[in-house]
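Chain by chain, the residues run as shown.
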Amino acid sequence: TLLFDAEFVSQVQSYRARRFPWVGLPKTVPDIAVEPNAFGGTTVYASWNGATRASHWRVVGGGSARQMQPLTTVARSGFETAIPVKAGSGSFAVEALDTSGTRLARSAVVSV
């Protein structure tokens with residue numbers, strides 16, 4: 001007797017399927033990498049492997065870890081999101097936000 005029949009709606013390469021909604025909230029903090037860009041600013045890279053509720057990234061920055069202010073907020077795009085910011089130096093962190101703007105987690109602070 002067939003108990004369950006399912007198929008992917010698009011071309012997906014996976015060996016797993018879940019019958020119920022699943023929320024991934026990693027026990028680690030988001031990852032961040034920064035590098036100077038060609039325009040005198042900085043590109044901040046944000047990722048958080050397995051986080052299904054993160055829909056946006058907020059970049060915070062300042063002259064030091066104690067002087068952090070919001071710099072920009074962008075929609076999450078794929079596994080790693082590249083975010084250009086105007087600030088060329090200082091300290092940076094990224095905050096993962098859900099669809100309502102609630103902060104889910106914050107990365108470590110890195111300096112350029």
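For the structure, check the block above.
To start, this report covers the structure provided alongside it. (Residues numbered from 1 in each chain as written. Predicted model: local features only at pLDDT ≥ 70, side-chain atom pairs only at ≥ 80, totals over all residues. Heavy atoms only, no water.)

### Looking at the side chain of Thr 43
So, step 1. If you trace the backbone, Thr 43 turns up in strand S2 (residues 42–47).
So, step 2. The exposure class of Thr 43 is buried, given its relative accessible area of 12%.
So, step 3. Thr 43 has contacts with Ala 33, Val 34, Glu 35, Asn 37, Ala 82, Ile 83 and Pro 84, leaving out every residue within four places of it along the chain. (Helix = DSSP H or I, 4+ residues; strand = E, 2+ residues; numbered from the N terminus. Buried < 20%, exposed > 50% of the residue type's maximum accessible area, 1.4 Å probe, protein only. Contact = heavy atoms within 4.5 Å.)

### Some remarks on the sheet that holds S2
So, step 1. Strand order in this open sheet of three strands is S1-S2-S5, and the pairing throughout is antiparallel. Edge positions in the sheet fall to strand S1 (31–36) and strand S5 (81–85), since each has one partner strand and no second. For this sheet the average axis-to-axis angle between neighbouring strands, irrespective of direction, equals 20 degrees.
So, step 2. In the sheet, S2 pairs with S5 via five bridges, with the strands oriented antiparallel. Paired with Ala 46 across the two strands is Thr 81, which belongs to S5. (Pairing = 2+ DSSP bridges. Axes fitted to C-alpha atoms, helices over the stretch in contact; angles between N-to-C directions.)

### Here's the deal with the environment of Asp 31
So, step 1. Tracing the backbone shows Asp 31 in strand S1.
So, step 2. The exposure class of Asp 31 is partly exposed, given its relative accessible area of 48%.
So, step 3. C-alpha separation for the pair Asp 31 and Ser 47, spaced 16 residues apart in sequence, amounts to 5.3 Å.
So, step 4. When near neighbours in sequence (up to four residues on either side) are disregarded, Asp 31 contacts Tyr 45, Ala 46, Ser 47 and Val 94.

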